[in-house]
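Fold and contact review
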Amino acid sequence: MELEKWKQQLLNNKDLFIGESTARRSAVLIPLVEVDGEWCILFEVRSSKMRFQPGDICFPGGRVDPDDPSLLFTALRETHEELGVAPHTVEVLGPLSPYVSSMSFVVYPFVGVVDFNEIITSYNEAEVEEVFTVPISWLLTHEPYMHEVAVDITPDRQTFPFEKIPNGDQYQWRKRTIEEWFYEYGTYTIWGMTARILKHFIDVIRPKKSE
């Protein structure tokens, strides 16, 4: 009886990874816009007055509120707040794989078509310094470059229970590196989480050799 109960509980588990339910979750929209007959991706430059990451290039999006009915709702709500785009006007193409920055932070990207003419007259200048577009054709033919960044695990020596683990405070924590990708487009440098999500999207839509 217990085995059947556990089996059903396993089938009902919706978490994509361990820790998802307690992670800080955000959702973003990759806005596709048509400019002069060519499909482009629109990016924001965060206002220099923003407390968090001023001047960074990003997609519209933000943290999931507890009362948001869905992750897509979050992405569209934030896009409305930042770019002035009404959610019902966005043609949502679908989701991308979530970006797990760490076990405590995950971003859920969605792809949608928006009206560029609506954005350039309505974006929130308190949060957005400017917007710009990059042709998808350019992104398909210009590879980003990558730098590795070392990440060290450093437990708090005052509170961590070293006496509970083998070798105590001499425990050999495994070091790891993360990949930081960079796209250079004119005077703009797209990097960090935005570049990582962008690269994944371009890899997904890139034509296969057999096509």
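Further up the page is the structure itself.
In short, a report on the structure.

We now examine the state of the cysteines. Overall, the coordinates contain zero disulfides when judged by the stated rule. Of all cysteine sulfurs, the one in C58 lies closest to C40, which takes part in no disulfide; the gap is 18 Å.

Moving on, we come to the sheet that holds strand β11 (residues 188-191). The three strands lie next to each other as β9-β10-β11, forming an open sheet whose pairing is antiparallel. Either end of the sheet is taken by a strand with one partner, and the two such strands are β9 (145-151) and β11. On average, adjacent strands in this sheet sit at an angle of 30° to one another, irrespective of strand direction. Bridge count between strand β10 (residues 176-185) and β11: four bridges; the pairing is antiparallel. Paired with F182 across the two strands is W191, which belongs to β11. Against the sheet, helix α5 (residues 192-205) contacts β10 and β11, and its axis sits at roughly 80° relative to β10.

With that settled, consider the side chain of K199. Secondary-structure assignment places K199 in helix α5. Setting aside residues up to four positions removed in sequence, K199 forms contacts with P144, W181 and Y183.

Thresholds, definitions, all that
- Residues numbered from 1 in each chain as written.
- Predicted model: local features only at pLDDT ≥ 70, side-chain atom pairs only at ≥ 80, totals over all residues.
- Heavy atoms only, no water.
- Disulfide = S-S within 2.5 Å.
- Pairing = 2+ DSSP bridges.
- Helix = DSSP H or I, 4+ residues; strand = E, 2+ residues; numbered from the N terminus.
- Axes fitted to C-alpha atoms, helices over the stretch in contact; angles between N-to-C directions.
- Contact = heavy atoms within 4.5 Å.

Note that every value here comes from positions in space, so none of it alone points to a role or purpose.
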